[in-house]
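The chain contents come next:
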Amino acid sequence: MTIASALLVFLLAHCLLLNRCMGSEAVGVFGDGRHGVSLTRVEAPSRCGGGGRTSPSSRPGASTPPPKPLLVAAPCEAGEYPVLVFLHGYLVVNSFYSQLFQHVASHGFIVVAPQLYTISGPDTTEEISAAAAVISWLAGGGLSCSLPPGVRADATKVSVSGHSRGGKVAFALALGHAKLPLRLAALVAVDPVDGMGVGRQTPPPILTGRNQSLRVAAPAMVIGTGLGELPRGPLLPPCAPRGVSHAEFYGELDRGGGAAAACHMVARDYGHTDMMDDDTPGARGMLTRAICRSGGAREPMRRFVGGATVAFLNKWVGGDGEALDGIRERPEQAPVALSVMEFLGDDEAVAQIA
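Here the structure is a predicted model, which means the values were calculated and not measured.

### Some thoughts on the packing of aromatic side chains
With the rule as written, the count across this model stands at six aromatic pairs. Ring geometry for Y97 against F101: centres 6.0 Å apart, planes inclined by 25°, an arrangement best described as stacked. Looking at Y97, the relative accessible area reads 0%, which means it is buried. Relative to F249, the ring of F171 lies with its centre 4.9 Å away and its plane at 50°, an arrangement referred to as tilted. Note that F171 is positioned in helix α4 (residues 165–174) and F249 in helix α5 (residues 246–251), a separation of 78 residues in sequence. By the ring-pair criterion, three or more aromatic residues cluster together here, those being F86, Y97 and F101.

See below:
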């Protein structure tokens, strides 16, 4: 080997090592985690038996059915894991996000997704109450017999997330619109929407029209889409109308005595339903592609939403900020182009516009 060749090998190795140190954790959250994942429907109380599970007699909630049918994604390996309650969007089913749930669960989280309703009108009051009832059921140990052997839900670390109208409901829970038996660890709103437009919010309205008016005590991440505010065609309204979408939810977060930290990321070239499964069957599934403007293949957006959620929860629930800091320092590692990336309340305000 010549001196020039040896120098080239050294430089390549140095670059690879530098990239590993600076970005491997950020890249890692956008792919599958190290855990195998089980995906289970829970609609009735399950019997605990063997496998190291807690007995029903020691966990009163285990003998009580959940307030709403659930889809639960959990790691297969024994251990105690934080919980993320995910609330679906308007008139869709929880199973449309199953690939997203499995992505998050593979990184060491239990994802609990209630089916809040089948058909609903504009009022979200019942959804807020139903979501709060699910969290109360979880806090009482209701999930303990529906998890893989040896897997336990950490009821002291429960976060809430939601998409579209479900993002609005998640905000409502974090703002105290329903009584919860615990303090939420974090909030992640995925392209949240509060109605059809300014002046046409669904009750109860969450957005106030005033900056920094929403006092959310938990760290909050708002993920937006660049195409959500654009209509699919001339006869269709946008799925995430300007004035009641992600920018307003983030802009109204209180920067002072409210949110402990806040983060806003916007996927420039993707639409309102692009984080759903590749295959969303049935009439409702067809509508997720027919009504909302899309960026094409859903997999990049799904990996982005899953990875950003994992990175945010790792920092503010698990105490490990390496992945989130990696995205902040090198946003080009994300599987989508970001038009907005903003952090407030942790170290200092940082905004990057692509």
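### A word on the pairing of strand β7 (residues 220–225)
Counted residue by residue, β7 has six buried out of six residues, so it is predominantly covered. Side chains A220, V222 and G224 of β7 all project onto a buried face; the interleaved residues M221, I223 and T225 project onto the opposite face, where all are buried too. Across four bridges, the pairing between strand β6 (residues 187–190) and β7 is parallel. Bridge pairing in β7 places L187 opposite A220. In terms of strand pairing, β7 meets strand β8 (residues 262–267) through six bridges, oriented parallel. From the neighbouring strand, G224 faces β8, where its bridge partner is V266.

### Concerning the nonpolar core
Of all hydrophobic cores here, the largest spans 52 residues; its most connected members are L87, I110, V112, F171 and L173. The greatest single-element share of this core, amounting to eight residues, is contributed by helix α3 (residues 125–139). Residues within four places of L173 in sequence aside, it is in contact with L87, I128, A131, A132, I135, V160, A178, L180 and L184.

Conventions and cut-offs
Residues numbered from 1 in each chain as written. Predicted model: local features only at pLDDT ≥ 70, side-chain atom pairs only at ≥ 80, totals over all residues. Heavy atoms only, no water. Phe/Tyr/Trp six-rings, centres within 6.5 Å; stacked < 30°, edge-to-face > 60°. Buried < 20%, exposed > 50% of the residue type's maximum accessible area, 1.4 Å probe, protein only. Helix = DSSP H or I, 4+ residues; strand = E, 2+ residues; numbered from the N terminus. Pairing = 2+ DSSP bridges. Core = buried A, V, L, I, M, F, W, Y, C linked by side-chain atoms within 4.5 Å. Contact = heavy atoms within 4.5 Å.

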